[in-house]
Amino acid sequence: MPPAVPLATYRLQLTKDFGFDSAAAIVPYLARLGISHVYASPFLKARPGSTHGYDIVDHDQINPELGGEEAFLRLSESLKRHDLGLILDFVPNHMGVGHADNSWWLDVLEWGQRSPYAAAFDIDWDALPHRRHPGVLLPILGRPYGDALQSGEIALRYDAEDGSFAAWYFEHKLPINPQRYSEMLRTIVAAAGAADEPGGHALIGIADDYRAPDTPTYRQAPELKHRLSTTAGAAEVIARGLSAYRSDTETGAGALHRLLERQHYRLAYWRVAFSAVNYRRFFDINDLAGLRVENPATFRAIHALVARLTANDRLQGLRLDHIDGLRDPARYTLNLRRLLQKVRREAKLRGPFYVVVEKILASDEPMPPFSGIAGTTGYEWLNLIARVLVDGQGLDPLERIWRDFTGERASFATMVETAKRTVIQTMLASEFTVLCRALARIAAGHFSTRDFTIDRLRAALQAYVLEFPVYRTYVTAAGASPEDRATIQEAIERAQARWEGPDPDVFDFLRDAITLDLAANPGYSAPRVRNFALKLQQFTGPLTAKAVEDTAFYRYHRLIALNEVGGDPAASALSLERFHRRQQQHAETQPDGLVATATHDTKRGEDARTRILALSELAPEWETAVREWQALNAPLIRHGGGKRCPSLGHEYMLYQALIGVWPDQIDEEFVDRMLGYTLKAAREGKRETSWTNPDEVYEAGLIQFLRNLLDRSISAAFLQSIDEIAKRAALIGALTGLSQVALKALLPGVPDFYQGTELWDFSLVDPDNRRTVDFAKRANALEHSTDWANLATHWRNGGIKLALTRRLLQLRRDFAPLFQRGSYEPLTVSGVQADHVIAFGRTWRDQRLVVAVGRHFGRLTDNGTNWSPACTATISSPDKTDTNYADIVGTCPDFCSNELNAKRLFRHVPVAVLRRL
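Residues numbered from 1 in each chain as written. Predicted model: local features only at pLDDT ≥ 70, side-chain atom pairs only at ≥ 80, totals over all residues. Heavy atoms only, no water.

**Brief notes about the overall build of the protein chain**
Check the secondary structure of the protein chain and you find 34 helices and 29 strands. When its C-alpha atoms are laid out on the principal axes, the protein chain stretches across 105 × 65 × 65 Å. Residues counted as buried form 60% of the 917 residues belonging to the protein chain. Considering only intrachain contacts with a sequence separation of at least 6, the fraction spanning at least 24 residues in the protein chain is 74%. For the protein chain, the exposed area adds up to about 35300 Å²; of that, 49% sits on carbon and sulfur atoms. One way to put it: in the protein chain the 108 positive side-chain charges average out to a point 3 Å from where the 112 negative ones average out. (Helix = DSSP H or I, 4+ residues; strand = E, 2+ residues; numbered from the N terminus. Buried < 20%, exposed > 50% of the residue type's maximum accessible area, 1.4 Å probe, protein only. Contact = heavy atoms within 4.5 Å. Areas by Shrake-Rupley, 256 points an atom, 1.4 Å probe, with all protein chains shown as cover. Lys, Arg positive; Asp, Glu negative; His and termini not counted. Charge placed at Lys NZ, Arg CZ, Asp CG, Glu CD.)

**Examining the pairing of strand β13 (residues 285-290)**
Relative to β13, strand β6 (residues 94-96) is paired through three bridges, and the arrangement is antiparallel. Residue pairing across strands places Gly96 opposite Leu288, the latter belonging to β13. Pairing between strand β12 (residues 281-282) and β13: two bridges, direction antiparallel. Across the sheet, residue Arg281 finds its bridge partner in β13, namely Ala289. Hairpin connection between β12 and β13: a loop of two residues separates the two successive antiparallel strands, and Phe283 in this loop has a positive phi of roughly 55°. (Pairing = 2+ DSSP bridges.)

**Quick look at the sheet that holds β13**
In space, the three strands of this open sheet follow the order β6-β13-β12, with antiparallel pairing throughout. Two strands bound the open sheet, and with one partner strand each, they are β6 and β12.

**Some thoughts on the packing of aromatic side chains**
Overall, the coordinates contain 36 aromatic pairs when judged by the stated rule. Residues Trp499 and Phe507 carry aromatic rings whose centres are separated by 5.1 Å and whose planes lie at 85° to one another, so their mutual orientation is edge-to-face. For the pair Trp499 and Phe507, one class covers both residues: buried. Note that Lys744 overlies the ring of Phe753, its terminal NZ or CZ placed 3.9 Å from the centroid. (Phe/Tyr/Trp six-rings, centres within 6.5 Å; stacked < 30°, edge-to-face > 60°. Lys NZ or Arg CZ within 6 Å of the ring centre and 35° of its normal.)

**Thoughts on helix α18 (residues 429-444)**
Taking 1.5 Å of rise per residue, 16 residues should cover 22 Å, and α18 covers 22 Å from first to last C-alpha, within 8% of that figure. For α18, the set of buried residues is Ala429, Ser430, Glu431, Phe432, Thr433, Leu435, Cys436, Leu439, Ala440, Ile442 and Ala443. Elements in contact with the buried residues of α18: α11 (273-276), β12, α17 (412-425), α19 (454-467), α21 (506-514) and α22 (526-549). (Expected span 1.5 Å × (residues − 1).)

**Remarks on the sheet that holds strand β9 (residues 164-169)**
Within the open sheet, the three strands sit side by side as β8-β9-β10. Their pairing is antiparallel. Each edge of the open sheet is held by one strand with a lone partner, namely β8 (154-159) and β10 (172-175). Taken pair by pair, the neighbouring strands of this sheet meet at an average axis angle of 35°, ignoring direction. Relative to β10, β9 runs antiparallel, the two being bridged by four bridges. (Axes fitted to C-alpha atoms, helices over the stretch in contact; angles between N-to-C directions.)

**Quick notes on the environment of Ala681**
Within the fold, Ala681 resides in helix α27 (residues 668-685). Since its relative accessible area comes to 0%, Ala681 is described here as buried. Measuring from C-alpha to C-alpha, the distance between Ala681 and Gln740 comes to 26 Å, with 59 residues separating the pair along the chain. Excluding its chain neighbours within four sequence positions, the residues that come into contact with Ala681 are Tyr554 and Met653.

**Quick notes on the environment of Ser275**
Inspection of the secondary structure puts Ser275 in helix α11. Accessibility expressed as a relative area gives 54% for Ser275, which makes it exposed. Each residue touching Ser275, except ones within four places of it in the same chain, is listed here: Ala429 and Ser430.

**A closer look at the packing of helix α15 (residues 379-389) against helix α23 (residues 576-589)**
Running from N to C, α15 and α23 cross one another at 155°; their axes reach a closest spacing of 10 Å. Overall, the two elements α15 and α23 adopt an arrangement that is roughly antiparallel. When the axes of α15 and α23 are compared, the crossing they make is left-handed. Of the residues in α23, those in contact with Trp381, Leu384, Arg387 and Val388 of α15 are Leu576, Arg578, Phe579, Arg582, Gln583 and His586. Classifying every residue of the contact of α15 with α23 gives five nonpolar, two polar and three charged. (Parallel < 35°, antiparallel > 145°, perpendicular 65-115°, else oblique. Left-handed = near helix turned anticlockwise from the far one by under 90°. Nonpolar A, V, L, I, M, F, W, Y, C, P; charged D, E, K, R; others polar.)

**Details of the layout of surface pockets**
Put simply, the second largest pocket is a space of about 1200 Å³. Lining the second largest pocket are 41 residues, and of these Arg673, Trp760, Phe762, Arg771 and Lys777 lie nearest its centre. Going through the elements one at a time, α24 (606-613), α27, α29 (712-746) and α30 (775-782) are the ones with two or more residues in the lining of the second largest pocket. Looking at the lining of the second largest pocket element by element, the count peaks at seven residues for α29. When grouped by side-chain class, the residues that make up the lining of the second largest pocket number 14 nonpolar, 11 polar and 16 charged. (1 Å grid on protein atoms, 1.4 Å probe; cavity = no way out; pocket = protein on both sides within 12 Å on 5 of 7 lines; lining within 4 Å. Points joined across faces, edges and corners; volume = space filled by probe spheres on them.)

Right under this line is the structure:
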């Protein structure tokens, strides 16, 4: 039986090409590696062909493309045989919509607010202008509505099997409301000239039966459809009569348009979504619609399968995706905890159920008080580890080199503000407008604030969100916590300080609305105030994510290894003192949360990151190199449309990215991977090109530049030069990568391993990091003996990382209580090179381990030319007396001393875990 709290998790990306049976086949390997829980990507029914599973269309069904329920049970049995648990990446925030596969969404389109599923989606029904009836905007068209209509791309069809009508736009099904069938049937019979035919006569009779307004009702509609599907001759008459709605004629186009305008939706060009979409989305993705999980019926429906799997002991944990997207995450986690407790109690299952949340915490931001949550998915520790491994002495030189190369002068904070403005004006303009209108309506409801115009309120709200420092607050219907009040007040004061308007009192009103203090004033509508405040919290997260992670990270290129989810690219290196203090806090407050160094969302693989971190130790050599490359590659630069291609920023970024992933041999696969990354990075940066307004000339020039750069017949001198520095960065990065693995495995928390990363991980941002993993290669390597000297000699093949990973995970099993509940104690390191060693003790009752991990290997390896770090530092034994120690990682012989010599400990691997004999 797996432990209630994982010893180590392993993330698997399930797809139709790697489904449940494929996962079951590697369970024995994962067990031998030392994994206690498989942490699976979403496996509820998603859109056909989904490569990630987050576009769920049915929360109550296991994804048939992964093998369905039978294959899932085979995986479950395999996990049980090897005492492994299963954690599901669960998606409570949104569903995949559009197309023809989400029955809830199709029902909402068909019936509007009369649909029982309308309450499941976060739709502002009254937001569409110039319509008599409420509706939802569908920005699915590839060109303006009129062009799509008249071209025949929108077609009315009849399904003879179930007796229903729907308009279709390619793969998108648009159900026609049955209350329009009566008038349609008359038009169809007339167009078919079938009034005197039996089929036509029967259709007229059906139309007469449902002629009254608002008929059929939702309950009567199945009967109407059944009559249509079973009426003899009806299908043939309808097939002929649909010509009345063919849009290749002016009359037909007008008829189809009038029919569509009377539906509970409005078709629109995809670009209209920026300013007019009226349903909450996952960020700005139109085909992922937000769920109102706060609605009790919706909560019950989307958790029904999870509850059954939990009751059957097929599921031992959940990872909650995008918790910040929910209206009230604290209430949701409380409801979830109660549900899981009830299910497990009734099933007579003992012990806690493991739950973590995907939550991005800013530096030093505390974890919100979510009920029943073990911790986060570990982005904060990924960034903390990177900051303690980077050489702080190299960051200022790297900043100067980047700015001199590119001419960039903006600070990261300025870049973020600029990006936020762009996002507000484009991708999330509609959501922001909804908030502004809601705020204006609140203000207009009271005599003391009705003179605050919507323009002033919009400007004040924008100033506030530009200054907002974190992803979101967690104000509930009961009000704001002291911590959230402090965050809100800080943002209000900073916004007010830059305000140039004539009515600064608007910020007092804004603060009171955001904190819900205004709801206690009888002059204001408390429901409207609550709705505004809670929806604002659902806005700031997507705004920050799109502006920071998906824009500014692709503009600020001091050292792109620090540009990771939840990180600060402009941050300084972390001192050992502060690092130790954070780990002690971690051990005391969240010892069961995940610690990650790579995920499906990271911008680059964990070992690509450590190679790039190595540039902080090679800054002088790096400056010489990039200046040389700039001169060598000047003939490859093109100019078009008034733009240099590539821009100086993209050229500099490319050089760093190449260092991170530099291969032993350039082949077409590598070129294709780099091309995909480069194009995505350029579009995410939203300067020279973007996803919404791609500059084809610039992109073509960028692609050609990279192809020429990697072509030995064109760029031989450059390739030879970058190969030299890349090899040095690779050695330093490999040693740093081993230290990174050790810290993840030995610090407080549960180490999480992303699929395939037990060997060197030189992947790039998705989809590159979701490529097929060669598990047979890893299983074969795992069987080899642990000859550390041989592994060190052949470090390039990654076997040494796999061996270290396995050994560290064995230690976690052997000393499970110590790693789960033990204290964390910094140890004293002395000597000139003391700063190169991170040393700490882990203690639980009579168990004690001493851990030493190396860092900053450039100066210890002759700038990346020798494997064994020549570190003269010594670690003081916590026992203060001569003691016999065994290095239970196995790279160093037993010895007796009260001072532990780092050079001896790091002979083959820059990691030592010592146990007193």
